[in-house]
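# Commentary on secondary and tertiary structure
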Amino acid sequence: MTRLRVVMAALLWGLAGCGGDSGGDDDGGGGGGNNPPPKDLRPNVTGSYASTGNIQAVALGQTQSMDVQDTVHIQAAESSVSSLSIRSETLSCDRALPASMTGETTFSVGQGACEIARVQDGKNCVVKLTVASGQGSRAASGPLRLSLQGDFSTTCFLFPVSGQFTLDLTGTR
């Protein structure tokens, strides 16, 4: 049980906003004719959010939950009028998670990965996180809701430990 708590602590340092880039997905907007240009709905969700929530990890047949506090930054990305990027203030990753608007106040989060290297109990510890999917929303003048799911693995111990994680956050601007 202690090993899983160490893994959970390492996850908290390396989860909420790391990953790959968006890959340049296009929103399909142009094309001529009488179609108006696509409306940019990203201001409905962009901003910085002081967030709290819960991370749940399942590894070695055990489930652990921990409370999370973070500041999540959602920004408009340049690739299209529906592209977003998501970063965390708590975590240091090379790239933001890609996301895309799916409605006026909703978005889906794309896949991403990162490595977090740190020293844990005098040993080098690397936690790899792979975000498989996620979704978010923000009702008008309401809180941000963000959920991420994926896998993690770590080499913090004599043998590798891997499992799945779910991160659920709620935040206000």
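Here the structure is a predicted model, which means the values were calculated and not measured.

This part takes up the pattern of salt bridges. Inspection of the entire model under this criterion finds one salt bridge. With a shortest N-O distance of 2.8 Å, R42 and D40 are connected by a salt bridge.

Here the focus is the nonpolar core. One broad rule of soluble globular proteins: the nonpolar side chains tend to lie buried together. By size, the foremost hydrophobic cluster in this structure holds 31 residues, and its most contacted members are I74, I86, F107, V109, L146 and L148. If we ignore the near neighbours within four places in the chain, the residues touching L146 are V72, I86, F107, V109, Q135, G136, L167, D168 and L169.

Turning next to the side chain of S80. The topology assignment puts S80 in the loop between strand 2 (62-76) and strand 3 (83-88). A polar contact of 2.9 Å, which involves the side chain of S80, links it to the side chain of S83.

What follows covers the pairing of strand 6 (residues 112-120). Relative to strand 7 (residues 123-138), strand 6 runs antiparallel, the two sharing nine bridges. If you follow R118 over to strand 7, its bridge partner there is C125. Hairpin connection, strand 6 to strand 7: the antiparallel pair is bridged by two residues, and D121 has positive phi, about 55°.

Applying the stated criterion across every chain yields a total of one disulfide. One disulfide bridge connects C125 with C156, the sulfur atoms lying 1.6 Å from each other. Of note, the bridge from C125 to C156 carries an S-S torsion of about 40° and is right-handed in sense. One end of the pair, C125, is in strand 7; the other, C156, is in the loop between strand 8 (144-154) and strand 9 (161-172), with 31 residues separating them in the sequence.

Procedures and definitions
Residue numbers restart at each chain and count upward from 1, following the sequence in its written direction. Per-residue local features of the predicted model are confined to residues with pLDDT of at least 70, and side-chain atom pairs are confined, for both listing and counting, to 80 or more; whole-chain, interface and lining totals are unaffected and use all residues. Note that water and hydrogens are dropped before the side-chain values are worked out from all heavy atoms of the structure. Each reported salt bridge corresponds to a side-chain nitrogen of Lys or Arg within 4 Å of a carboxyl oxygen of Asp or Glu. Residues grouped as a nonpolar core are buried Ala, Val, Leu, Ile, Met, Phe, Trp, Tyr and Cys residues, joined through side-chain atoms within 4.5 Å. Throughout, exposure labels follow a simple rule: accessible area from a 1.4 Å probe, protein chains only, divided by the maximum for the residue type, with under 20% read as buried, over 50% as exposed, and the rest as partly exposed. Contacts are assigned to residue pairs with any non-hydrogen atoms lying within 4.5 Å of each other. Segments assigned H or I by DSSP are reported as helices when at least four residues long, segments assigned E as strands when at least two residues long, and all are numbered from the N terminus. Two N or O atoms count as a polar contact when they lie within 3.5 Å, although within protein this holds only if one can serve as hydrogen donor and the other as acceptor, and sequence-adjacent residues are included solely when both atoms are side-chain atoms. Any two strands with at least two DSSP bridges between them are considered paired. Count a disulfide wherever a pair of cysteine sulfur atoms falls within 2.5 Å.

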